[in-house]
Number of protein chains: 2
Amino acid sequence: MTYTITDLSKMFNLPASTIRYYEKIGLLENVEHQGSYRRIFNDSHVDRLNAVECFKKALLPLDEIKLFFTYEKDMEKNSEKILEMMKNQEVKTLESMEALQAGLTHLQKKIRFYTLVSEAVKNKTPMPRWEDVN
Amino acid sequence: MTYTITDLSKMFNLPASTIRYYEKIGLLENVEHQGSYRRIFNDSHVDRLNAVECFKKALLPLDEIKLFFTYEKDMEKNSEKILEMMKNQEVKTLESMEALQAGLTHLQKKIRFYTLVSEAVKNKTPMPRWEDVN
DNA sequence: TGTTGAGTTAAAGTTAACTTCAAGTTGTAT
DNA sequence: ATACAACTTGAAGTTAACTTTAACTCAACA
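Residues numbered from 1 in each chain as written. Chains lettered and ligands numbered in written order. Predicted model: local features only at pLDDT ≥ 70, side-chain atom pairs only at ≥ 80, totals over all residues. Heavy atoms only, no water.

A. Focus on the interface of chain B and chain A. Contacts between the two partners involve 40 residues from chain B, matched on the other side by 40 residues from chain A. For chain B, the biggest contributors to the area lost against chain A are B:Leu100, B:Leu107 and B:Tyr114; these three give 19% of the whole. At the junction of chain B and chain A, the tally comes to 2 salt bridges. Between B:Lys110 and A:Glu72 there is a salt bridge, and its shortest N-O distance comes to 3.9 Å. The tally of links between chain B and chain A comes to 8 residue pairs in polar contact (both at pLDDT 80 or more). Per-element tally for the side of chain B that touches chain A: the top contributor is helix H5 (residues 75–123) of chain B, with 31 residues. Tallied by class, residues from the side of chain B that touches chain A come to 23 nonpolar, 10 polar and 7 charged. (Contact = heavy atoms within 4.5 Å. Buried area = accessible area lost by both parts, 1.4 Å probe. Salt bridge = Lys/Arg side-chain N within 4 Å of Asp/Glu carboxyl O. Polar contact = N/O pair within 3.5 Å; in protein donor to acceptor, adjacent residues only side chain to side chain. Helix = DSSP H or I, 4+ residues; strand = E, 2+ residues; numbered from the N terminus. Nonpolar A, V, L, I, M, F, W, Y, C, P; charged D, E, K, R; others polar.)

B. Region of interest: the packing of aromatic side chains. For the structure shown, the criterion picks out 12 aromatic pairs over all chains. The interplanar angle of 45 degrees and the centroid separation of 6.0 Å between the aromatic rings of B:Tyr21 and B:Tyr22 together place this pair among those described as tilted. Judged by relative accessible area, B:Tyr21 falls into the partly exposed class, the value being 42%. Seen in terms of ring centroids, B:Phe68 and B:Phe69 are 5.6 Å apart; in terms of plane orientation they differ by 65 degrees. Their pairing is edge-to-face. A single burial state applies to B:Phe68 and to B:Phe69, both of which are buried. One aromatic cluster in this structure is built from A:Phe55, A:Phe68, A:Phe69, B:Phe113, B:Tyr114 and B:Trp130. Here A:Lys110 stacks its cationic end above the ring of A:Trp130, 4.6 Å away from the centre of that ring. (Phe/Tyr/Trp six-rings, centres within 6.5 Å; stacked < 30°, edge-to-face > 60°. Buried < 20%, exposed > 50% of the residue type's maximum accessible area, 1.4 Å probe, protein only. Lys NZ or Arg CZ within 6 Å of the ring centre and 35° of its normal.)

C. Local environment of the pairing of strand E3 (residues 39–42) of chain B. Residues and elements named next belong to chain B. Alignment of strand E1 (residues 2–3) against E3, held across 2 bridges, turns out to be antiparallel. Bridge pairing in E3 places threonine 2 opposite asparagine 42. With 2 bridges joining them, strand E2 (residues 32–33) and E3 adopt antiparallel strand pairing. Each bridged residue has a counterpart across the sheet, and for glutamate 32 the counterpart in E3 is isoleucine 40. (Pairing = 2+ DSSP bridges.)

Right, here's the structure in full:
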């Protein structure tokens, strides 16, 4: 199967400029350029973009993602390096999750508190204290 | 209690330049400047920085954090606005959590796969297939 | 008195990941 | 033939959240 840049743009909900950018920095390789005319992508590029999106969700930076793909070309030789990279990122991702969870908890506490404040204002009852939501 | 910039720097594990920056953009208010000499912070600044760090963990941008503090000055009047802001951010934070969780799952699948690859290389046994880790 | 160390300023620089721009090219529809 | 839409390029611009730089100022200590 072949795809235009607009096909991929719609498939991945990414602006065409981003897809061009990914090619430019080497995340997408061997893209056919019909003369100096249009790009033609194939299923390998779809797979790549899928992988890129997954790694992006894990907060892996683009240059690391690129490095992963170069390692992956000789995975027998590079499996240890890949493993190290993935495990390092796992730690970072878990740390981000913890921070995010803490942030969410804080947010939800604020929501509980200001819900009480809103009610107190509406009903002209006494203001809540911050301790009330602990 | 009063604090120097280095005290806060150590307390919050933030570079002094970041604390100055926070003052500059209005996240820290009413900081005493002993002549054109040193900053003197107090417990209200410690509270502020604690709140800032919590909101940062929830991925709230600094300008929104600042807005929150201005709303908070008249919380009876602004409780609805604060509530809206916090609820919006809660949605975004939850979305980030989901993406992060998906990313982590992807990462851990790669880890399982390349662990098998490493073992296969070491033991000179056949390479695993990607389906083996599903 | 001179040096040191902690702090000050405004302004410029950094980073990642895009995004926008201006000018040009190509295939197709009228 | 001409207009149009979709695509191309390299280069410059954008954003948030800092960080760095260079030149300066105190207070305290030897």
